[in-house]
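Descriptive structure summary
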Amino acid sequence: MATEKKTAAHHEPLFHIAKRDQMVWWKAWIIRAAAILLALVVSGVIITLLTGLNPLNVYGEMIKGNFSNNRVFWMLLQKTSVLLCNSLGVTLAFKMKFWNCGGEGQVLAGCIAAAACMIYMGDSAPNWVIIVSSLITSMLAGALWGGIPAIFKAQYNTNETLFTLMMNYVAIHLVKVLQVLWENPKNSGNVGTINRASQAGWLPKLFGMQYLITVLIVAALCVLVYVYLKKSKHGYEINVVGESQNTARYIGINVKKVIIRTMLVSGAVCGLAGFLLVNGSSAPTVGPNTAGGQGFTAMLVAWMAKFSPFAMVLASALIIFLQQGSVAIATKFGLHRSLADIVTGVILFFIIGCEFFIQYEIKFRHKKGGVQE
Amino acid sequence: MNQQTAIPAIELKGVSKRFGSVIANSNVNLSVHKGEILSILGENGSGKTTLMNMIAGIYFPDEGEIFIDGEEAIITSPKDAFDYKIGMIHQHFKLVDVFSAAENIVLGLDEKGKYDLSSAQKRVADICERYGFEIDPKKKIYTMSVSEKQTVEIIKVLYRGADILILDEPTAVLTPQETQKLFAILRRMRDDGKAIIIITHKLHEVLSLSDRVAVLRKGEYIGTVNTAETNEAQLTEMMVGKTVELNIHRSEPRDAVPRLEVHHINCSNREGVKVLNDVSFVAKAGEILGIAGIAGSGQRELLEAIAGLQKLDSGAVLYNNPQTGKMDNLVTKTPLQIRDLGVRLSFVPEDRLGMGLVGNMDIVDNMMLRSYRKGKGVFLHRKEPKDLAEHIIEDLEVVTPSASTPVRRLSGGNVQKVLVGREIAASPTVLMAAYPVRGLDINSSYTIYNLLNEQKDKGVAVIFVGEDLDVLLALCDRILVIGSGCITGVVDARTATKEQIGLLMTKTNAESTEGGTPHGN
């Protein structure tokens with residue numbers, strides 16, 4: 001018996017990780033709140049150590065940078081909306097376990113199409129025609145950008161992560177080519193503000209508010225995506241294909257068709273974000289940085305929200321809040337942007353990291369005497 | 001024999017292993033001497049592989065001791081096993097496709113000095129010469145046949161200096177000629193003083209190759225016999241055990257008309273190996289047709305072929321449609337097209353959570369899998385599936401917190417009740433069930449038997465793939481025995497014996513084709 005005990009103790013590690021069954025929702029929220037608090041404390045310490053500033057002032061400035069006036073507040077809303085739109089797009093694919101890393105390219109494709117409509121129709125067509133055609137073509141362009149990798153995935157089982165990723169660079173370089181073609185004024189190398197004088201194709205200001213229409217469109221889209229995923233037959237198929245292609249085959253779902261169809265929708269929604277970025281902007285233009293890495297941030301948002309459309313509202317608002325806030329503190333205190341990035345990083349680290357403790361528990365070894373034997 | 005008196009190369013004493021409530025091995029005693037081949041014989045799920053995995057350091061025994069050369073050994077990892085000079089050749093090869101044979105062989109070896117592939121190649125060549133392997137050390141794995149890959153695996157353990165070799169069903173993937181070659185090599189290694197353990201369930205191989213045979217049945221150690229002193233009948237009896245009387249109700253089939261006719265179907269897997277070889281049979285309405293066979297003999301492919309999920313090389317699956325009175329050929333049709341024909345075919349696949357159900361979805365959503373297309377419009381109608389879910393939970397006594405619980409959280413028996421319940425709810429004319437009671441407790445098993453019997457009495461053609469011969473004999477009307485993709489016999493379940501089926505199951509491809517048409521009866 002003695003030897004058996006010794007060997008058993010010898011083999012049991014100090015701790016092991018076990019998956020939790022399911023945590024009660026309020027406990028999960030306590031953990032999340034604690035994580036945010038901890039994140040603020042840790043980044044506070046870092047701020048004080050590196051700059052000697054009072055962290056409370058710094059945090060105050062972050063809040064001010066988002067809420068102090070109408071302009072920054074509307075910026076928060078607009079950026080959140082576009083990011084949310086993008087996140088909703090990639091989520092459609094993610095639900096199918098199709099790792100669409102091409103949000104960036106799909107947004108840019110949408111931007112290109114929207115800008116093209118504004119540039120080429122600006123002088124001839126009525127405003128609403130330009131807007132509607134921008135909307136439609138940008139969604140088609142996004143769908144095209146998402147559909148190509150999907151066709152290859154369905155037919156030849158290519159790796160969708162790499163394929164969608166590479167499509168981003170195609171879009172970025174396409175924009176660079178078009179910058180030359182569309183440059184305005186001449187030799188500036190930029191597209192400049194499209195239809196500055198006529199404002200043809202610009203989204204109208206509702207009740208005098210520049211971005212209200214963007215916010216409303218995305219809010220409606222959010223509900224739509226939720227309904228599509230949860231209540232429609234398509235959404236059900238996406239779910240089954242994502243969970244198990246074998247089951248999908250077994251019940252007679254055409255897996256290839258679902259993959260292609262879903263990526264067309266996913267790309268179209270990302271393309272819509274491109275439309276909002278161009279037509280919805282206060283100075284519509286297009287350039288390689290128009291999407292500004294949002295296609296990638298959207299993936300973060302989707303994962304943080306665990307693919308729930310409504311949780312994504314919170315997640316994208318948080319990301320934009322941190323981004324705007326860090327710009328604000330960098331300007332206010334004359335700090336380097338990197339410090340702001342550190343703070344953002346620390347906060348995100350804790351928020352994402354705490355999910356681990358919600359899903360898993362750590363069990364320590366009970367008998368401590370075993371090792372010394 | 002002097003082997004019996006010498007200290008065994010490896011000896012297991014009272015080894016037990018449990019996985020939760022499942023007992024994989026209970027109190028197993030084994031010994032293998034140097035210069036000896038020991039076969040481990042047993043049906044599926046008898047615990048052969050688990051036992052070997054404990055010797056190879058993949059599992060650690062819950063109870064019992066392992067002695068190597070007379071000294072107690074504690075093997076906690078494959079690395080430990082190598083230190084004790086134990087090498088295992090797994091059923092599924094663990095090789096890097098883009099590397100050459102020699103590179104795979106030295107992979108992971110922590111040798112002193114610099115990485116010298118040419119000297120490694122030379123040592124590989126030496127081993128090949130010594131035991132008669134034919135392999136080019138520079139050949140890449142992805143260009144190799146299955147048998148060559150297996151050779152690489154064997155050389156890999158020999159290169160590491162293994163004196164005790166364990167082979168897990170090495171002949172399952174080989175042609176008869178390749179098998180003969182392998183056996184010649186194994187005999188040479190035995191004569192070289194290695195201790196060899198081979199897992200198999202093919203009786204004739206056991207008899208032709210091994211010196212002694214250890215038999216396991218349902219995790220229990222039955223005994224070890226000298227090959228020279230035994231015969232097929234004794235081994236079969238040890239393997240399948242005495243017939244157990246099960247109290248399963250069985251009615252006489254009434255007006256059994258042919259419902260499904262399978263004609264000469266052939267099917268190959270991705271590697272081009274034939275998994276179904278000229279299979280023909282008839283399933284009749286109002287009877288339960290059992291399918292017996294060692295796992296992986298083609299049962300899955302057969303059922304999937306009928307369900308329209310498996311591409312066939314040739315042959316026909318004819319469905320006698322009771323509504324139209326016509327014969328419909330189901331081959332080349334997708335599951336959806338089959339359903340559109342009005343064929344009410346229900347299928348309880350072997351892989352419940354990987355194919356029959358979606359583990360992360362709740363019971364209601366799983367009910368919809370078959371029926372979600374019903375109803376007009378783009379939206380789902382959850383009312384009907386919800387009623388069905390509640391109905392099944394109540395009727396079949398599914399233990400679940402609610403109908404909105406993800407099925408992966410249910411116990412195995414309850415998962416199966418959900419699946420079978422859904423498949424029966426579609427009021428099928430053909431019901432196929434693959435291992436429907438695997439892993440289920442007695443009560444749940446009887447629930448399933450009763451459900452199958454109910455369907456039979458309603459005139460459904462039931463096809464039941466099982467592994468427990470007692471159950472097959474007690475439940476079915478006829479039993480089809482399948483071995484290596486061939487039908488090796490059809491027996492009347494009311495009169496057949498376990499030994500008879502056991503022998504048919506262990507017949508191999510070569511034997512049955514040599515013996516003329518395998519399904520003459």
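The model shown is predicted, which means the values in this text are computed figures rather than measured ones. (Residues numbered from 1 in each chain as written. Chains lettered and ligands numbered in written order. Predicted model: local features only at pLDDT ≥ 70, side-chain atom pairs only at ≥ 80, totals over all residues. Heavy atoms only, no water.)

Notes on the overall build of chain A
- Scanning chain A from N- to C-terminus turns up 14 helices and 2 strands.
- Counting over 373 residues, chain A shows a buried share of 49%.
- Counting contacts in chain A only where the partners sit at least 6 residues apart, residues at least 24 apart contribute 77% of the total.
- For chain A, the computed accessible surface area is about 18,400 Å², with 67% contributed by carbon and sulfur atoms.
- If the 30 positive side-chain charges of chain A are averaged to one point and the 14 negative ones to another, these points end up 4 Å apart. (Helix = DSSP H or I, 4+ residues; strand = E, 2+ residues; numbered from the N terminus. Buried < 20%, exposed > 50% of the residue type's maximum accessible area, 1.4 Å probe, protein only. Contact = heavy atoms within 4.5 Å. Areas by Shrake-Rupley, 256 points an atom, 1.4 Å probe, with all protein chains shown as cover. Lys, Arg positive; Asp, Glu negative; His and termini not counted. Charge placed at Lys NZ, Arg CZ, Asp CG, Glu CD.)

Notes on the sheet that holds strand E17 (residues 430–434) of chain B
Residues and elements named next belong to chain B.
- Sheet architecture is open: 6 strands sit in the order E16-E17-E18-E13-E19-E20, paired in mixed fashion. On the outer flanks of this sheet lie strand E16 (345–348) and strand E20 (486–492), each paired with one strand and no other. The sheet shows a mean angle of 15° between the axes of neighbouring strands, direction not considered.
- With 6 bridges joining them, strand E19 (residues 478–483) and E20 adopt antiparallel strand pairing. In the strand pairing of E20, valine 481 is matched with glycine 489. (Pairing = 2+ DSSP bridges. Axes fitted to C-alpha atoms, helices over the stretch in contact; angles between N-to-C directions.)

Topic: the nonpolar core
- Ranked by internal contacts, the top residues of the largest apolar core, which has 191 residues, are Phe281(B) and Ile479(B).
- With 12 residues, helix H11 (residues 255–278) of chain A is the largest single contributor of residues to this core.
- Lining this core are residues from two domains, each supplying at least three of them: domain 2 (244–344 + 428–521) and domain 3 (362–426) of chain B.
- Each residue touching Ile479(B), except ones within four places of it in the same chain, is listed here: Gly290(B), Ala292(B), Leu472(B), Leu473(B), Gly489(B), Val490(B), Val491(B), Ala493(B) and Ile501(B).
- Of all hydrophobic cores here, the second largest spans 33 residues; its members include Val124(B), Ile135(B), Ile141(B) and Ile155(B). (Core = buried A, V, L, I, M, F, W, Y, C linked by side-chain atoms within 4.5 Å. Domains from an automatic or database assignment.)

Notes on the pairing of strand E6 (residues 86–89) of chain B
All names here are of chain B.
- The alternating pattern of E6 places Ile86 and Met88 and Gly87 and Ile89 on opposite faces, both of which are buried.
- Pairing between E6 and strand E7 (residues 164–168): 4 bridges, direction parallel. When the sheet's bridge partners are listed, isoleucine 86 is paired in E7 with isoleucine 164.

Here's the deal with the environment of Glu499(B)
All names here are of chain B.
- Residue position: glutamate 499 is located in helix H17 (residues 498–506).
- With 424 residues separating them along the chain, glutamate 499 and isoleucine 75 place their C-alpha atoms 38 Å apart.
- Excluding its chain neighbours within four sequence positions, the residues that come into contact with glutamate 499 are Thr236, Glu237, Val240 and Gly241.

Notes on the pairing of E19(B)
All names here are of chain B.
- Counting buried positions over the 6 residues of E19 gives 5, a clear majority of the element.
- The pairing of strand E13 (residues 288–292) with E19 spans 4 bridges and is classified as parallel. Looking at the pairing, glycine 290 lines up with isoleucine 479 of E19.
- A loop of 2 residues connects E19 with E20, the two strands running antiparallel in sequence, and serine 484 in this loop sits at a positive phi of about 45°.

Description of the environment of Gln455(B)
All names here are of chain B.
- Of note, glutamine 455 is situated in helix H15 (residues 442–457).
- What makes glutamine 455 buried here is its relative accessible area of 2%.
- C-alpha of glutamine 455 to C-alpha of glycine 413: the two residues are 42 residues apart in sequence and 19 Å apart in space.
- Sequence-distant contacts of glutamine 455, that is, excluding residues within four places in its chain, are made with Ile424, Pro428, Leu431, Val460 and Val462.

Observations concerning the side chain of Glu205(B)
All names here are of chain B.
- With respect to the secondary-structure elements, glutamate 205 resides in helix H7 (residues 203–209).
- Its relative accessible area of 5% is what places glutamate 205 among the buried residues.
- Here threonine 200 takes part through its side chain, which lies 3.4 Å from a polar atom of the side chain of glutamate 205.
- Not counting residues up to four positions away in its chain, the partners in contact with glutamate 205 are Thr171, Thr179, Phe183, Thr200 and Ser210. (Polar contact = N/O pair within 3.5 Å; in protein donor to acceptor, adjacent residues only side chain to side chain.)

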